[in-house]
Amino acid sequence: MKVNGIPTRTIWSIEHGQAVGIIDQTKLPFEFKKERLDDWRQVRDAIATMKVRGAPLIGIAAVWALVLAIRDNASDDFIHEVRSELIATRPTAVNLQWAVDHVVKRVISLPQKDRLPAVYKLAKEMTQADVLTNRAIGTHGARVIAEIYARKREPVNILTHCNAGWLATVDYGTALSAVYIAFEQGIPLHVWVDETRPREQGLLTAWELAGVGIPHTVIADNAGGHLMQHREVDAVIVGADRITAIGDVANKVGTYLKALAAKDMDVPFYVAAPSSTIDWSIQDGKHSIKIENRAGDELRIVRGLDKKGHACDVRIISEQTNVENPAFDVTPAKLVTGIITERGVCAPEFLTRLFPEGARAHARG
Ligand code: MRU
């Protein structure tokens, strides 16, 4: 996507894999700042502190961390150590583990001298594949929006939670990819953007939408149910961090409540995600998906602009107050109307039909 008219991606290779460039997303929406990372540990920390974030993007970032690590040391022991450290940074989004394991499996079978060129090639391929996958998700998702417009003949109101836009991937995004492509096709639409406390990823979504001129309105996280009761929402479209084989969906905390309200009001609830978000090894999401618990200060301290327009942190909850900060929740498949993937849209129970090889690979172990 473009930032100030310049085509921009969220991650890029510098000097043929000697370093990696990122956008420091903790500075957005107040400041657009790029950063160069020279060492795999810097990439690991950027994932943990959410300078880079979003399930697909942290997977790709971890692959570039492996490039920098293998440049320094291509031994088996070191690669396995780096693998474990990377996977531990963000436990819920399965894309991270998928991407790291995909690369480690391929590289470890090679002689040590061949590992660096192989991991660099793979990193470039996977980065580009992410873009194409998201574009395909958007094309299928845009059809869903087009169908609503064909019935309604008035701007389509979409509600989204968190940020499943280009910032959460290499480019285009997942849920927002559908919105971008529908908008490109001339379908009139408007997006209700959940603020998404505590990390305010909704503000990233608003920043993205403003960048391309898509009408949108930020709402408090608790407003969605009210809007659905008053028929102000035609569809909910969210991203995902892990989807089980039967279609249970882990996504940013608060998603489940939106799905409950959508069910009550017969509002279609879609989840847009690449197949790398599907964890074929599990069925029941509520019991099998590890939910990341993040630091309490994410809840206690908010970031904003002071009167002079300088970014600053403000404490809104005292240090002594107990807080709990689960970063994700699980929406059961029964509340999901459809899953929008790079291969098309299907009801959760038909995921295995859409990706028979995924289910088969898991059965083989
Ligand atoms: O900001 P994060 O990395 O904690 O959140 C992950 C996400 O971006 C969302 O849950 C998103 O909806 C799925 S990733 C496209």
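Criteria and cut-off values
- Every residue gets a number counted from 1 within its own chain, in the order that chain's sequence is written.
- Per-residue local features are limited, in this predicted model, to residues with pLDDT of at least 70; the limit for side-chain atom pairs, both in listing and counting, is 80 or more; totals at the level of whole chains, interfaces and linings are taken over all residues.
- Note: side-chain values were computed over all heavy atoms of the structure, leaving out hydrogens and water.
- Two kinds of site are reported from a 1 Å grid over the protein atoms alone, namely cavities, where a 1.4 Å probe fits but cannot get out, and pockets, open sets with protein on both sides within 12 Å along at least five of seven lines, and residues are called lining when an atom falls within 4 Å of a point.
- Grid points are joined across faces, edges and corners, and a volume is the space filled by probe spheres set on the points.
- Only DSSP runs of H or I with at least four residues qualify as helices, and only runs of E with at least two residues qualify as strands; both kinds are numbered from the N terminus onward.
- Domain ranges listed in this record stem from an automatic or a database domain assignment.
- Any residue that is not Ala, Val, Leu, Ile, Met, Phe, Trp, Tyr, Cys, Pro, Asp, Glu, Lys or Arg is counted as polar, Gly included; the first ten are nonpolar and the last four charged.
- Multiplying 1.5 Å by the residue count of a helix minus one yields the expected span of that helix.
- A 1.4 Å probe rolled over the protein chains alone gives each residue an accessible area, and that area as a share of the maximum for its type sets the label: buried under 20%, exposed over 50%, partly exposed in between.
- As used here, the arc is the angular range of directions from the helix axis to the C-beta atoms.
- Here a residue-residue contact requires only that any non-hydrogen atoms of the pair lie within 4.5 Å.
- Any residue with a non-hydrogen atom lying within 4 Å of a molecule or strand is treated as near it.
- For the accessible areas, the method is Shrake-Rupley and the probe is 1.4 Å, while residue cover comes only from the protein chains on display.

## Details of the layout of surface pockets
For step 1, the next point in the chain: Taken as a whole, the largest pocket holds about 1,100 Å³ of empty space.
For step 2, the next point in the chain: Counting only elements with at least two residues in the lining of the largest pocket, the list comes to helix 2 (55–72), helix 4 (94–108), helix 5 (112–152), strand 13 (278–279) and helix 13 (356–364).
For step 3, the next point in the chain: Here the element with the most residues in the lining of the largest pocket is helix 4; it accounts for eight residues.
For step 4, the next point in the chain: Mapping the lining of the largest pocket onto the domain boundaries places at least three of its residues in each of domain 1 (2–130) and domain 2 (153–364).
For step 5, the next point in the chain: For the second largest pocket, the calculated volume is near 500 Å³.
For step 6, the next point in the chain: Residue lining of the second largest pocket: 20 residues in total, with Thr26, Pro198, Arg199, Ile301 and Arg303 positioned closest to the centre.

## What to know about empty space enclosed by the protein
For step 1, the next point in the chain: In the structure shown here, the tally under the stated rule is two cavities of 30 Å³ or more.
For step 2, the next point in the chain: Each pocket or cavity is described by its volume, and for the largest cavity that value is around 220 Å³.
For step 3, the next point in the chain: Lining the largest cavity are 23 residues, with Arg53, Gly54, Ala55, Asn163 and Asp241 positioned closest to its centre.
For step 4, the next point in the chain: At the level of secondary structure, the elements contributing two or more residues to the lining of the largest cavity comprise helix 2 and strand 11 (249–252).
For step 5, the next point in the chain: Per-element tally for the lining of the largest cavity: the top contributor is helix 2, with three residues.
For step 6, the next point in the chain: Taken together, the residues of the lining of the largest cavity sort by class into ten nonpolar, eight polar and five charged.
For step 7, the next point in the chain: Looking at the second largest cavity, its volume works out to about 40 Å³.
For step 8, the next point in the chain: Lining the second largest cavity we find Met50, Pro198, Arg199, Gln201, Lys252, Arg294, Glu298, Asn325 and Ala327.

## Looking at helix 3 (residues 76–89)
For step 1, the next point in the chain: With 14 residues, helix 3 should reach 20 Å at 1.5 Å per residue; the first-to-last C-alpha distance of 21 Å fits that figure.
For step 2, the next point in the chain: What helix 3 keeps buried is the set Phe78, Ile79, Val82, Leu86, Ile87 and Thr89. What you see down the axis of helix 3 is that its buried residues fit within an arc of 160 degrees, all on one side. For helix 3, exposure combined with an orientation more than 90 degrees from the buried face picks out Asp77 and Ala88.
For step 3, the next point in the chain: As for helix 3, its buried residues are in contact with helix 1 (40–48), helix 2, helix 4 and helix 5.

## Concerning the site of the ligand
For step 1, the next point in the chain: Around the ligand, the surrounding shell holds 18 residues, and the nearest of these are Arg53, Arg90, Asp241, Asn251 and Lys252.
For step 2, the next point in the chain: Out of a free accessible area of 410 Å², the ligand has 99% covered by protein chains.
For step 3, the next point in the chain: When contributions to the shell around the ligand are tallied by element, the ones reaching two or more residues are helix 2 and strand 11.
For step 4, the next point in the chain: Here the shell around the ligand is composed, by residue class, of eight nonpolar, six polar and four charged.
For step 5, the next point in the chain: Three or more residues apiece are contributed to the shell around the ligand by two domains, here domain 1 (2–130) and domain 2 (153–364).

## Examining unusual backbone geometry
For step 1, the next point in the chain: Of note, the bond from Leu28 into Pro29 is cis; its omega dihedral lies within 30 degrees of zero at 5 degrees.
For step 2, the next point in the chain: When you line up the elements, Pro29 lands in the loop between strand 4 (19–23) and strand 5 (34–37).
For step 3, the next point in the chain: Note the cis peptide between Arg197 and Pro198, where omega equals 5 degrees.
For step 4, the next point in the chain: Positionally, Pro198 belongs in the loop between strand 7 (189–194) and helix 7 (201–212).
For step 5, the next point in the chain: Here the phi dihedral of Met50 falls at roughly 70 degrees; this positive angle occurs in a residue that is not glycine.
For step 6, the next point in the chain: By relative accessible area, Met50 is classed as buried at 3%.
For step 7, the next point in the chain: In this structure, Arg231 takes a positive phi of about 60 degrees despite not being glycine.
For step 8, the next point in the chain: On the secondary structure map, Arg231 appears in the loop between helix 8 (224–229) and strand 9 (235–238).

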